[in-house]
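Below are the chains, spelled out letter by letter.
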Amino acid sequence: MSEPTVSGGSDSPAVALGPTALVLGAFAALGAWVPSLVLVTLPWAILAGALAVALGAMGVHHARRGTGRLWAAVAGTALGAIGCAGTIALLFALCA
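Quick notes on the rules
- Residues numbered from 1 in each chain as written.
- Predicted model: local features only at pLDDT ≥ 70, side-chain atom pairs only at ≥ 80, totals over all residues.
- Heavy atoms only, no water.
- Helix = DSSP H or I, 4+ residues; strand = E, 2+ residues; numbered from the N terminus.
- Buried < 20%, exposed > 50% of the residue type's maximum accessible area, 1.4 Å probe, protein only.
- Contact = heavy atoms within 4.5 Å.
- Patch = residues over 30% accessible without salt bridge, like charges linked within 9 Å, V, L, I, M, F, W, Y side chains within 5 Å.
- Areas by Shrake-Rupley, 256 points an atom, 1.4 Å probe, with all protein chains shown as cover.
- Salt bridge = Lys/Arg side-chain N within 4 Å of Asp/Glu carboxyl O.
- UniProt positions renumbered as here; feature names shortened; annotations may be inferred.

As annotated in an unreviewed UniProt entry, the protein carries the name DUF4190 domain-containing protein and comes from Streptomyces demainii.

**Comments concerning the side chain of T87**
Inspection of the secondary structure puts T87 in helix α3 (residues 70-95). Looking at T87, the relative accessible area reads 1%, which means it is buried. In this structure T87 touches A32, L42, A45 and I46, once residues within four positions along its chain are discounted.

**With respect to a nonpolar patch on the surface**
There is a patch of nonpolar side chains on the surface, built from F27, W44 and L47 and spanning about 340 Å² of accessible area. Position of F27 relative to the elements: it lies in helix α1 (residues 17-33). The exposure class of F27 is partly exposed, given its relative accessible area of 35%.

**Side note on the UniProt feature "transmembrane region" (unreviewed entry) in the protein**
As recorded in UniProt, the sites labelled "transmembrane region" (unreviewed entry) are residues 12-34, 40-58 and 70-94. Summarising residues 12-34: 74% helix, 0% strand, and an end-to-end C-alpha distance of 35 Å. End-to-end, the C-alpha atoms of residues 70-94 are 36 Å apart, and along that stretch the chain is 100% helix and 0% strand.

**A look at the environment of A28**
Considering the arrangement of structural elements, one finds A28 in helix α1. For A28, a relative accessible area of 0% puts it in the buried group. As a C-alpha pair, A28 and A52 span 24 residues in sequence and 8.3 Å in three-dimensional space. Once you skip the residues sitting within four places of it in the chain, A28 turns out to touch A45, A48, G49 and G83.

Have a look at this one:
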């Protein structure tokens, strides 16, 4: 039996963009807003927040076209933006 050459929308790599953004956004938000985790996760929170925003935006784009879950992509983008904003605000507060 031969494998089908056209893949369905449910096994596309775009399906993983929303949940990946959600996990990275949660890590960024926790790393930026939980005082006991700030010093340990500060460099990783910056990277995770930026990646969550980028992957979440791509996830929203693909979800609006019918591939993936919109709620996960939007939540990941929002958490990533919150994490980035909190980390940048913390760095500006320390430098000023």
